[in-house]
Amino acid sequence: MEVALVMYKRALREAKRIPITTVIIPLVLPLFMVTIFAHVFARITSVSGFRSGSQYVAYVAPATILMASMLGSATAAVSTAVEIQTGFFDRMRTSPAGAVPSMLARRFADATRLAVFAIILALVAWAEGMPISNWFLGLLVAAALAALWGLAYGGLALAACVRTGSAELANALLPLFFPILFMSTAFVPLPLLPHWLQGIARWNPASYIADAIRVALIQGRVDGGTIWRAALGIFCVALATQFLIWRAGQWLGRR
Amino acid sequence: MIAATDLTKVYAGGRRALIGVSLRVHEGEIVGVVGPNGAGKSTALKILSTVFAPSSGTATVCGHDLSDAGSIRPCIGVALQDVGLDPLMTGHEHFTVQASLYGVPRDAAACREARLVERFGLSDHVDQVVGAYSGGTQRRLSLALALLHEPKALIFDEPTVGLDPRARRQFMATLRELRDQGHPVLLSTQYLEEANQLCQYLYVIDEGAVVAEGSPADLRAAVGGLAFRVTVGDTVDDVASRVAGTWQSGQPRIDGEQLVFHVSDQIRDPDAILAMLRRVDAEIREYRLVTPDLDDVFIHFTGERSESEPGQRPMDMTVRIQRGGGQRWK
Ligand SMILES: Nc1ncnc2c1ncn2[C@@H]1O[C@H](COP(=O)(O)OP(=O)(O)OP(=O)(O)O)[C@@H](O)[C@H]1O
Ligand SMILES: [Mg+2]
């Protein structure tokens, strides 16, 4: 436990030492979305399918939060790949604690950062005109779901990096946020999606996570059905990526 | 004790790095592994450090089987060929992380860190990030970290690379101290003079197999004969290439300004060599007949070639000088 704490502090310290990759890069695009993009497409809400009288910035804010989660969740993977290259990873592997506490701690440090990103983006969206009715509940749900989603989704990049030791692969996976969010209800409500996309969006956990955050922020309530589906989606993704990480770790031991 | 039997390793890419290595390190003994680049030294040491499993073969480290890596890890202090440091962390942070990885209590860790920092000359550096360290300082830190949890057995892969003469001498003294306290020490090195001074027993590895083993003295004796060293006036490479054209009985190796011939008949061979050198118009400045050193041993058993050309071993047999003398040819 002690080792996990030391490693967690180490990961946070490291994130502070390289703010460009850990803070600036994951935040630029979502901030652009919530400030400029939301206004460019402001009129979209007059189309039927949106709640009447709503502002697009309020609709799209959860999408930008998810975007930041997906863009910022690869830090653990990149750092682990660097550790594999420098041999620090083998230093940990040959110790009684092994490399698992470090990987876990890095992922939780990522999640911590993503929770903060969610709060920052919610505040910016509020400044841009999104109403927030229950601050505590809204920010709590946004931060928690953003962190958990980043934790689960970031496992994919981590598995790829552990398997190959290549940080480039984590970066190559970054654009994946694009199809995942556009094939969900994060940017437009379900009825506005083409028919074939609606099927995908219904199975896409990003839809439910975005919806749950939106309801919590704007309406100040927890929608049981949506939250439940969001949690199930996150759990399934976490299970799948954890399996890939475990397999990659097994492979490292045999090489 | 560290004991390995018939370790083989085929890497995922299909590269056969070890084709059967057995070695043994007793308590209170420094054992060296020497061999050309790519021989498989690091592969063997990584297997024994539980970095990855062998493809076949068995080993016990401190009484635990390799498959029980969890029991081995607390007992061994490891410094691999890659220093394995985090360029963003300071030296002190490395000690903290290392202590937590090995579960060393905070007080003990602080006390030992102070001693190791002193001993490895790191006082001026512990508060700097490792990325700003010189290569030798990084090496010293990695060696100091390996000792933080006071391990029973020690495994060092080319530990003295990059160390200045003083740091090297200090580290060798540390190793001798550990040996005298009864720890088994396994190390690899490219510095044969160092191996000669430090190791009680040596394994010469080439192309993934042990080609010779024994104490440094036994190995020198096994090479037999004498080394005939000739200092030539012209460029030594030039002379060597001229010699290669005419001389059939064993090519000399180049050592600095000297050509080193292996001779078995100390009366007739030097005469023949000198006559040959005069025939190829080499200017002879000085010559000496000496007993072979470990460099001669190394060349004798591994052949003079680079990693890229899988050349021929001078003798297709393995020499083993068992502990306590007595030669066995296989
Ligand atoms: N991870 C790896 N994957 C594939 N092949 C490898 C790997 N590591 C080493 N090898 C190969 O295995 C062989 C033995 O390598 P090893 O690093 O054990 O040699 P070494 O004796 O330590 O050499 P050096 O003196 O250069 O350190 C080499 O041919 C090398 O190319
Ligand atoms: Mg090596």
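Here is what the cut-offs are and how they apply
Residues numbered from 1 in each chain as written. Chains lettered and ligands numbered in written order. Predicted model: local features only at pLDDT ≥ 70, side-chain atom pairs only at ≥ 80, totals over all residues. Heavy atoms only, no water. Helix = DSSP H or I, 4+ residues; strand = E, 2+ residues; numbered from the N terminus. Rg over C-alpha atoms; globule rule 2.2 N^0.38 Å. Buried < 20%, exposed > 50% of the residue type's maximum accessible area, 1.4 Å probe, protein only. Areas by Shrake-Rupley, 256 points an atom, 1.4 Å probe, with all protein chains shown as cover. Lys, Arg positive; Asp, Glu negative; His and termini not counted. Charge placed at Lys NZ, Arg CZ, Asp CG, Glu CD. Core = buried A, V, L, I, M, F, W, Y, C linked by side-chain atoms within 4.5 Å. Contact = heavy atoms within 4.5 Å. Pairing = 2+ DSSP bridges. Axes fitted to C-alpha atoms, helices over the stretch in contact; angles between N-to-C directions. Buried area = accessible area lost by both parts, 1.4 Å probe. Salt bridge = Lys/Arg side-chain N within 4 Å of Asp/Glu carboxyl O. Polar contact = N/O pair within 3.5 Å; in protein donor to acceptor, adjacent residues only side chain to side chain. Nonpolar A, V, L, I, M, F, W, Y, C, P; charged D, E, K, R; others polar. Near = heavy atom within 4 Å. Expected span 1.5 Å × (residues − 1). Bend = angle between axes of the 7 residues up to and from the residue. Parallel < 35°, antiparallel > 145°, perpendicular 65-115°, else oblique. Left-handed = near helix turned anticlockwise from the far one by under 90°.

Undergrad: How would you summarise the overall build of chain B if you had to cite specific residues and measurements?
TA: A count of helical and extended segments in chain B gives 11 helices and 16 strands. Relative to the globule expectation of 20 Å for 330 residues, the C-alpha radius of gyration of chain B, 22 Å, shows essentially globular dimensions. By residue count, 53% of the 330 residues in chain B fall in the buried class. Total accessible area on chain B stands at roughly 14600 Å², and carbon and sulfur atoms take up 48% of it. With 34 positive and 43 negative side-chain charges, chain B shows a separation of 4 Å between the mean positions of the two kinds.

Undergrad: Kindly report on the overall build of chain A, identifying the contributing residues and their values.
TA: When helices and strands are tallied, chain A shows 12 helices and 0 strands. Listing every helix and strand of chain A by position from the N terminus yields α-α-α-α-α-α-α-α-α-α-α-α. Whereas a compact globule of 255 residues would reach a radius of gyration of roughly 18 Å, chain A reaches 19 Å, a difference of no more than 12%. Dimensions of chain A, computed from C-alpha atoms along their principal axes, come out at roughly 60 × 35 × 30 Å. Among the 255 residues that make up chain A, the fraction classed as buried is 53%.

Undergrad: I'd love a proper account of the nonpolar core, names of residues and values included.
TA: Counting 74 residues, the largest nonpolar core has B:Phe95, B:Phe120, B:Leu141, B:Phe156, B:Leu175, B:Leu187 and B:Phe301 as the members making the most contacts within it. What B:Leu175 contacts, discounting residues up to four positions off in sequence, is B:Ile30, B:Phe156, B:Val185, B:Leu187 and B:Leu198. Among the nonpolar cores identified, the runner-up in size contains 54 residues, and A:Met33, A:Ile65, A:Ala125 and A:Ala186 belong to it.

Undergrad: Give me the lowdown on the sheet that holds strand 5 (residues 64-65) of chain B, citing residues and values where you can.
TA: Residues and elements named next belong to chain B. As summarised here, the arrangement of the 4 strands in space is 2-1-4-5, forming an open sheet in which the pairing is antiparallel. Across the chains shown, the open sheet's two edge strands, defined by having one partner strand only, are strand 2 (16-25) and strand 5. Along the sheet, helix 1 (residues 41-48) makes contact with strand 1 (2-10), strand 2 and strand 4 (56-61), crossing strand 1 at roughly 120°.

Undergrad: So, the interface of chain A and chain B: which residues are in play, and what are the values?
TA: Across the contact, 26 residues belong to chain A and 32 residues belong to chain B. The junction of chain A with chain B conceals about 2400 Å² of combined surface from both sides, 57% of it contributed by carbon and sulfur atoms. When residues of chain A are sorted by the area they lose upon contact with chain B, A:Arg91, A:Thr94 and A:Arg255 head the list and together hold 28% of the total. The tally of links from chain A across to chain B stands at 4 salt bridges. With its nearest N and O atoms 3.4 Å apart, the salt bridge here joins B:Glu93 to A:Arg13. The tally of links between chain A and chain B comes to 15 residue pairs in polar contact (both at pLDDT 80 or more). Breaking the side of chain A that touches chain B down by element, the ones donating at least two residues are helix 1 (2-17), helix 5 (88-93) and helix 12 (224-254) of chain A. Among the elements that take part in the side of chain A that touches chain B, helix 1 of chain A stands out by supplying 8 residues, more than any other. Each residue belonging to the side of chain A that touches chain B can be placed in one class, and the counts come to 10 nonpolar, 6 polar and 10 charged.

Undergrad: Talk me through the site of ligand 1; I want residue IDs and the actual numbers.
TA: All names here are of chain B. Neighbouring ligand 1 are 15 residues, the closest being Gly38, Gly40, Lys41, Ser42 and Thr43. Within the side chain of Lys41, an N or O atom sits 2.7 Å from an oxygen atom of ligand 1. Here an oxygen atom of ligand 1 and a side-chain polar atom of Gln190 are 3.0 Å apart. Within the complex, 70% of the 640 Å² of free accessible area of ligand 1 lies under protein. Tallying contributions element by element places helix 1 first for the shell around ligand 1, with 3 residues. Tallied by class, residues from the shell around ligand 1 come to 4 nonpolar, 7 polar and 4 charged.

Undergrad: Which residues make up helix 7 (residues 135-164) of chain A, and what values do they have?
TA: All names here are of chain A. Here helix 7 contains 30 residues, and its C-alpha end-to-end distance of 43 Å stays within 8% of the 44 Å for a straight helix at 1.5 Å per residue. By the largest-angle criterion, Gly155 marks the main kink of helix 7, which is about 30°. Taking burial as the measure, the 30 residues of helix 7 include 22 buried ones, the bulk of the element. A positive backbone phi angle near 65° is found at Gly165, which sits one or two residues after helix 7.

Undergrad: Could you give me a rundown of the packing of helix 1 of chain A against helix 3 (residues 91-101) of chain B, with the residues and numbers involved?
TA: It is the contact of helix 1 of chain A with helix 3 of chain B, at a shortest axis distance of 8 Å, that shows an interaxial angle of 150°. As far as their axial angle goes, helix 3 of chain B and helix 1 of chain A are roughly antiparallel. Handedness of the crossing formed by helix 1 of chain A with helix 3 of chain B: left-handed. Note on element contacts: helix 3 of chain B touches helix 1 of chain A through B:Glu93, B:Thr96, B:Val97, B:Ser100 and B:Leu101, opposite A:Glu2, A:Val3, A:Val6, A:Met7, A:Arg10, A:Arg13 and A:Arg17.

Undergrad: Give me the pairing of strand 8 (residues 184-188) of chain B: which residues, what numbers.
TA: All names here are of chain B. In terms of burial, strand 8 is a largely internal element, 5 of the 5 residues being buried. Alternating residues of strand 8 divide into Pro184, Leu186 and Ser188 and Val185 and Leu187, and every residue in both groups is buried. Here strand 3 (residues 29-34) runs beside strand 8; their pairing, made up of 5 bridges, is parallel. Note on strand 8: the bridge partner recorded for Ile30 is Val185. With 4 bridges joining them, strand 7 (residues 153-157) and strand 8 adopt parallel strand pairing. Considered in strand 8, the bridge of Ile155 is made with Leu186.

Undergrad: An account of the side chain of A:Thr241 is requested, with residue identities and associated values reported.
TA: Residues and elements named next belong to chain A. Mapped onto the secondary structure, Thr241 falls in helix 12. Overall, Thr241 belongs to the buried group, its relative accessible area being 5%. Here Thr241 is in contact with Arg107, Ala152, Gly155, Leu156 and Ala159, once residues within four sequence places are set aside.

Undergrad: Please provide a residue-by-residue account of the pattern of salt bridges, values included.
TA: Residue and element names in this part refer to chain A. For the structure on display, the rule yields 19 salt bridges over all chains. A salt bridge links Arg106 to Glu14; the nearest nitrogen and oxygen atoms lie 3.0 Å apart. In this pair, Arg106 is assigned in helix 6 (residues 100-127) and Glu14 in helix 1, connecting sequence segments 92 residues apart. Both residues of the pair, Arg106 and Glu14, belong to the buried class.

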